[in-house]
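So the chains spell out like this:
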Amino acid sequence: MHSYRLSHIQQLESEAIFILRETAAQFDKPVLLFSGGKDSIVMAHLAYKAFHPARLPFPLLHVDTGHNFPETIQFRDEFVERIGARLEVALVQDSINSGRVTEEKGADASRNALQTVTLLDALEAGNYDAALGGGRRDEEKARAKERFFSHRDEFGQWNPKNQRPELWNIFNGRKHHGEHFRVFPLSNWTEMDVWEYIRHEGIEIPGLYFSHEREVFERAGSLLAVTDFITVRDGERVEKKRVRFRTIGDATCTGAVESSAADLDHIIAEVAAARQTERGTRADDKRSETAMEDRKKEGYF
């Protein structure tokens with residue numbers, strides 16, 4: 001009799017699929033947050049595997065700052081069509097137009113923090129009681145405090161000191177009216193795990209993740225891309241460099257890294273040698289020591 005042992009990646013896949021199915025079973029109206037970045041792509045791929053051949057039992061929701069790289073939006077639409085999912089888009093611009101949020105001013109202005117209100121409004125409008133996110137505990141110290149099932153109160157706020165135990169993979173999704181949960185099936189994954197899974201499954205990802213030539217400039221230790229959404233200041237030198245992005249988000253605060261990694265094998269080797277976390281290139285995380293945790297407490301992803 002032969003014993004069969006799952007590989008590390010297979011164990012992570014099995015755990016994530018279990019949590020996706022548990023979410024569909026416990027909640028009335030879940031939604032999967034989808035940005036077009038690698039983690040949300042892996043999440044959607046796992047959901048496709050979890051419920052195939054049936055269609056996904058929940059839609060995808062993109063909170064769009066309006067400052068995305070064009071390549072991201074094109075990939076998002078092609079990916080959603082390919083897996084036969086339903087996509088909903090909540091626009092930060094609509095929140096600005098309605099007076100729900102006020103756009104930041106100045107050279108370092110970003111819409112990233114404004115996403116919180118747009119997200120909470122979209123969850124309330126859709127009557128969603130669970131939002132599946134691609135957050136991982138290795139990304140940032142505030143995210144390391146999350147449970148798989150992360151409770152949010154009636155105001156969409158998170159209290160890291162008041163979370164439920166999850167012993168023996170038993171998840172408690174009980175809630176009062178108006179409350180909801182964020183669910184993080186990739187909690188135990190690392191950036192390396194994500195890349196190895198993408199290679200193992202042959203998952204398509206946006207070209208921004210691979211080395212390419214782009215005009216960039218340095219600001220506060222980050223290499224920012226020249227786009228229509230950001231103003232280059234006097235004294236900031238624009239150069240063409242071979243770069244890639246480790247995360248894909250709002251173009252005004254998502255930094256690139258110089259890289260020659262043009263395929264998955266070279267990306268994996270680069271990640272293995274990296275001494276900076278992937279969010280270390282994000283200008284919005286550098287605004288304060290507790291920037292991410294403060295945003296999460298207010299209802300951020």
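Residues numbered from 1 in each chain as written. Predicted model: local features only at pLDDT ≥ 70, side-chain atom pairs only at ≥ 80, totals over all residues. Heavy atoms only, no water.

A.B. asks: Tell me what's going on with the packing of aromatic side chains, and back it up with residues and numbers.
C.D. replies: The full count for this structure, using the stated rule, is nine aromatic pairs. Here the aromatic rings of Phe 75 and Phe 79 are separated by 6.0 Å at their centres, their planes lie at 20°, and the arrangement is stacked. With Phe 75 and Phe 79 both in helix α3 (residues 70-83) and four residues apart, the pair spans about one turn of that helix. By relative accessible area, which is 8% here, Phe 75 ends up buried. When its relative accessible area of 5% is taken as the criterion, Phe 79 is described as buried. By way of ring pairs, the aromatic residues Phe 27, Phe 149 and Phe 181 are connected into one cluster. Lying over the aromatic face of Tyr 128, Lys 29 brings its terminal NZ or CZ to 5.2 Å of the ring centre. (Phe/Tyr/Trp six-rings, centres within 6.5 Å; stacked < 30°, edge-to-face > 60°. Helix = DSSP H or I, 4+ residues; strand = E, 2+ residues; numbered from the N terminus. Buried < 20%, exposed > 50% of the residue type's maximum accessible area, 1.4 Å probe, protein only. Lys NZ or Arg CZ within 6 Å of the ring centre and 35° of its normal.)

A.B. asks: Can you lay out the sheet that holds strand β4 (residues 130-132) for me, pointing to particular residues and giving the numbers?
C.D. replies: Strands sit in the order β3-β2-β1-β4-β6-β5 across an open sheet of six strands; the sheet is mixed. Strands with a single pairing partner mark the edges of an open sheet, and in this sheet they are β3 (87-91) and β5 (149-152). Direction aside, the axes of adjacent strands within the sheet are offset by 30° on average. Note: β5 against strand β6 (residues 180-183), four bridges, orientation antiparallel. Across the sheet, residue Ser 150 finds its bridge partner in β6, namely Arg 182. Together, β2 (60-64) and β3 form the strand contacts of α3, whose direction differs from that of β2 by roughly 170°. (Pairing = 2+ DSSP bridges. Axes fitted to C-alpha atoms, helices over the stretch in contact; angles between N-to-C directions. Contact = heavy atoms within 4.5 Å.)

A.B. asks: Please give an account of the packing of helix α1 (residues 8-26) against helix α2 (residues 38-51) that cites residues and values.
C.D. replies: Relative to each other, α1 and α2 sit at 70°, their axes nearing to 9 Å. It follows from the interaxial angle that α1 and α2 lie roughly perpendicular. From α1, Glu 13, Ala 16, Ile 17, Leu 20, Arg 21 and Ala 24 reach across to α2, where they touch Met 43, Leu 46, Ala 47, Lys 49, Ala 50 and Phe 51. Taken together, the residues of the contact of α1 with α2 sort by class into nine nonpolar, no polar and three charged. (Parallel < 35°, antiparallel > 145°, perpendicular 65-115°, else oblique. Nonpolar A, V, L, I, M, F, W, Y, C, P; charged D, E, K, R; others polar.)

A.B. asks: So, the packing of helix α6 (residues 191-201) against helix α7 (residues 264-273): which residues are in play, and what are the values?
C.D. replies: Helix-helix packing is characterised by the crossing angle of the two axes and by the distance between the axes. Contact geometry for α6 and α7: axes closest at 10 Å, N-to-C directions at 170°. One element, α6, and the other, α7, form an angle in the roughly antiparallel class. As α6 runs across α7, the sense of the crossing is left-handed. Between α6 and α7, the contacting residues are Glu 191, Met 192, Trp 195, Glu 196, Ile 198 and Arg 199 on the first element and Leu 264, Asp 265, Ile 267, Ile 268, Val 271 and Ala 272 on the second. (Left-handed = near helix turned anticlockwise from the far one by under 90°.)

A.B. asks: Provide a residue-level description of the sheet that holds strand β7 (residues 212-219), including the pertinent values.
C.D. replies: Read across the open sheet, the four strands follow the order β8-β7-β9-β10; overall the sheet is antiparallel. Whereas interior strands pair on both sides, the edge strands pair on one side only; in this sheet they are β8 (222-225) and β10 (257-258). Of the strand pairs in this sheet, β7 and β8 are connected by four bridges, and their pairing is antiparallel. Within β8, the position partnered with Arg 219 by the bridge is Ser 222.

A.B. asks: I'd like a rundown of the environment of Asp 153, residues and numbers included.
C.D. replies: With respect to the secondary-structure elements, Asp 153 resides in the loop between β5 and β6. In the structure, Asp 153 is positioned 26 residues away from Glu 179 in sequence and 4.8 Å away in space, judged by C-alpha atoms. The contacts of Asp 153, once residues within four sequence positions are left out, are Gly 178 and Glu 179.

A.B. asks: So what about α3? Which residues, and what values?
C.D. replies: Helix length check: α3, at 14 residues, gives a terminal C-alpha distance of 21 Å against a target of 20 Å (1.5 Å per residue), a fit within 8%. All of the buried residues along α3 are Thr 72, Phe 75, Arg 76, Phe 79, Val 80 and Ile 83. Along α3, the residues classed as buried sweep out an arc of 130° about the axis, all on the same side. Away from its buried face, by an angle of more than 90 degrees, α3 presents the exposed residues Pro 70, Gln 74 and Glu 81. In this structure, the buried residues of α3 make contact with α2, β2 and β3. Note on α3: the residue one or two positions beyond its end, Gly 84, has a positive phi of about 70°. (Expected span 1.5 Å × (residues − 1). Arc of directions from axis to C-beta.)

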